[in-house]
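The chain contents come next:
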Amino acid sequence: MAVKRLKNIALIDKFGYGAGNLGAGIILQVINTYIVFYATAVLNIPGTLVGIAVSLSIIWDALTDPVMGYISDRTNLKYFGRRHLYLLIGALFAGIFNFYLWTISPEHTLIFKYSWFFINIILVKTFLTVFGTPYIALGAELSSDYNERTLIQSIRTVFFILGVFSATALVLYLFFKPTEEYYLGQLNPGAYANMGIASSIVMIISGIIVFITTYKYLPYLYKFTENKNPEPFKLLNEIRQLIIDFKTALDNYDFRSVVLGYLSTNLTVALFTAVGLHVFTYTFEMNNTEIAIIIGTQFLVSIISQPFWVTVSAKIDKRPTVLIGLGFSLVAAFIFLFSVFNRAYIANHHLFLLPFAFMAGFGNGSLFTLPASMVADIIDVEELKTGVRLEGIYYGCLTFSYKTSQSIAILSLGIILDVIGFDPNLAVQPDFTLLFIGLILAVGGIITICFAFKFYNNYKLTHSIVENVQEKLNFQEDINEE
């Protein structure tokens, strides 16, 4: 259904939309950063079992992304449109099940701990998808302007990084302080329960904020027009259409380039979040405050860099800006590799990791923002060809790809932790273990960033191409209105 295209929205509404990513960023990051450590070192669940549970939850998460995108694209509710009801449902229940995930007692039997752990992580991931896929798709609908889209995604990125920063640096500092019983605060079960309560509250509040802020734009958002003819075997037809939409998205050359590039950089993230806390705690012998300083620096630099990346993107376009960001990330990976080989020195001089944190944070600033903006442009190109906007499918495919690879990475890392002899009951891990988990991060990061260079370099859309496409779309809409 043709509607008047939104060119700009008020700055306060951009921030209101972006605020939705704060809660999602916090919950995603507490899971990504602490879940393997929490389950192995605190709950004493074997690493292989943890790897299986977490990887299956990510596979489930990945599979439900395009499904949720398809459902959201084809929803047409009188009072909620295509996206808004899912924002409320997803935020509420993601917060509830996130709370239950972090309140498991280490004193329970292994069977109970593992079952409750598995059930709740599946439910958290499910409702994060119910919220997240329509939320990201909504961002692409809020503006048709090439550079305005980058600004909207940049503000969304700032809130996401604030969530990530809160889930790492602030959580480590506020909740994981050493006690008489737990010299290392990250081994305290009570700290995880408090973290679960706080992150769940933020998730629910941020979901309400984005709902209220963007609801006023409902009349200007694309509306899906249903086929009024009754269809036999409707479920089978829906599944068939979902597969067709999914294939159509991946058949797009530019979209495939972004997907593979995004997949590659997020493999680096998967490695870092899965065993990063292990490396900082055991390889570099850092306490909660020292880890918070390094990780906090990384995310603060990512936030501060956002105006730089928005400006550079407007001047030299999106693809070269992404490639520059990857260059900074590659330098950071080599610095980290050097630090691993000199871990004995770094263990006594933790601030020498600050150059790594600065370079990684600066490079990641572009990689958080630009891909989502590029996908919004790709959707315009596809709309010109097909006459339909499928933001949910495209963003669902984007997250499906990297979550699938993430699940493989985490499953492998869970098994590797057992194979290399990681034992949470040992105060000092074997020297081989300390070196190997550090090399996983450094070498793995270098390899995946190099792949990202190749894929993003294949992206062909430019400002002029997208502008031409939008002029044709506007011309079509003018004709339809007449």
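Keep in mind it's a predicted model, so treat the numbers as computed, not measured.

Undergrad: So what exactly am I meant to see when it comes to helix α5 (residues 146-175) here?
TA: Note: α-helices contain 3.6 residues per turn, so residues at a spacing of three or four share the same orientation. Between its first and last C-alpha atoms α5 spans 42 Å; for 30 residues at 1.5 Å apiece the expected length is 44 Å, and the two agree. In terms of burial, α5 is a largely internal element, 22 of the 30 residues being buried.

Undergrad: I would appreciate a short explanation of the pattern of salt bridges in the present structure.
TA: Under the criterion given, the structure shown has 12 salt bridges. A salt bridge links D73 to R82; the nearest nitrogen and oxygen atoms lie 3.7 Å apart. Of the two residues examined, D73 and R82, each falls in the buried class.

Undergrad: How should the packing of helix α11 (residues 318-341) against helix α15 (residues 431-457) be read in this particular structure?
TA: What describes two packed helices is the angle between their axes and the distance between those same axes. Their axes nearest at 9 Å, the elements α11 and α15 cross at an angle of 165°. It follows from the interaxial angle that α11 and α15 lie roughly antiparallel. α15 is crossed by α11, and the crossing has left-handed handedness. Per-class residue counts for the contact of α11 with α15 are 21 nonpolar, 5 polar and 1 charged.

Undergrad: Would you take a moment to explain the side chain of S199 for this structure?
TA: Within the secondary structure layout, S199 lies in helix α6 (residues 189-214). A distance of 2.8 Å separates a polar atom in the side chain of S199 from a polar atom in the side chain of N98.

What counts and what doesn't
Residues numbered from 1 in each chain as written. Predicted model: local features only at pLDDT ≥ 70, side-chain atom pairs only at ≥ 80, totals over all residues. Heavy atoms only, no water. Helix = DSSP H or I, 4+ residues; strand = E, 2+ residues; numbered from the N terminus. Expected span 1.5 Å × (residues − 1). Buried < 20%, exposed > 50% of the residue type's maximum accessible area, 1.4 Å probe, protein only. Salt bridge = Lys/Arg side-chain N within 4 Å of Asp/Glu carboxyl O. Axes fitted to C-alpha atoms, helices over the stretch in contact; angles between N-to-C directions. Parallel < 35°, antiparallel > 145°, perpendicular 65-115°, else oblique. Left-handed = near helix turned anticlockwise from the far one by under 90°. Nonpolar A, V, L, I, M, F, W, Y, C, P; charged D, E, K, R; others polar. Polar contact = N/O pair within 3.5 Å; in protein donor to acceptor, adjacent residues only side chain to side chain.

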